[in-house]
Amino acid sequence: MKAKVNLGLAQLSVVAKIEKARQFVVAITNNVSIFATPHPTLVSIGDAADALELAYNNATDGGKSATAIMHTKEAALDDLLTKLGHYVEDTSSGNADSILLA
């Protein structure tokens with residue numbers, strides 16, 4: 001039976017999603033022999049995490065507008081992480097050990 005990637009994004013806080021995104025960037029960078037051409041790119045994941053962090057910090061003291069921007073950035077990061085999860089699953093051919101490296 002092939003292993004599946006389970007990101008669990010719905011259960012994560014904004015801060016946890018930012019941390020998870022950065023962990024993926026490091027893990028995949030460290031395992032480039034397995035994950036040679038990540039899609040989306042690790043740069044785009046890092047940029048989206050940075051954008052969400054900035055929006056989160058702005059929303060802490062901001063109003064509805066800043067919070068709406070944060071949610072937009074959060075949805076964008078969720079989308080990229082989901083696509084990256086599919087890439088990892090496809091590239092690893094469902095091998096649990098390879099998936100865990102990402």
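It should be emphasised that the depicted structure is a prediction, and the values quoted were computed from it without experimental measurement.

The rules behind each value
Residues numbered from 1 in each chain as written. Predicted model: local features only at pLDDT ≥ 70, side-chain atom pairs only at ≥ 80, totals over all residues. Heavy atoms only, no water. Helix = DSSP H or I, 4+ residues; strand = E, 2+ residues; numbered from the N terminus. Buried < 20%, exposed > 50% of the residue type's maximum accessible area, 1.4 Å probe, protein only. Contact = heavy atoms within 4.5 Å. Salt bridge = Lys/Arg side-chain N within 4 Å of Asp/Glu carboxyl O.

1. Re the overall build of the protein
Now for step 1: Helix and strand counts for the protein come out as four helices and zero strands.
Now for step 2: Each helix and strand of the protein, placed in order from N terminus to C terminus, yields the pattern α-α-α-α.
Now for step 3: The 102 residues of the protein split such that 36% are buried.
Now for step 4: At a minimum sequence separation of 6, the contacts of the protein that also span at least 24 residues come to 72%.

2. Section: the pattern of salt bridges
Now for step 1: Applying the stated criterion to the full structure yields six salt bridges.
Now for step 2: Linking Lys17 and Glu74 is a salt bridge whose minimum nitrogen-to-oxygen distance equals 2.8 Å. Of this pair, Lys17 sits in helix H1 (residues 14-30) while Glu74 sits in helix H3 (residues 64-92), placing them 57 residues apart in sequence.
Now for step 3: Note on Lys17: relative accessible area 4%, which makes it buried.

3. With respect to the environment of Val15
Now for step 1: Relative to the elements of secondary structure, Val15 occurs in helix H1.
Now for step 2: For Val15, a relative accessible area of 35% gives the class partly exposed.
Now for step 3: On a C-alpha basis, the gap between Val15 and Leu52 in space is 8.9 Å, while along the polypeptide they are 37 residues apart.

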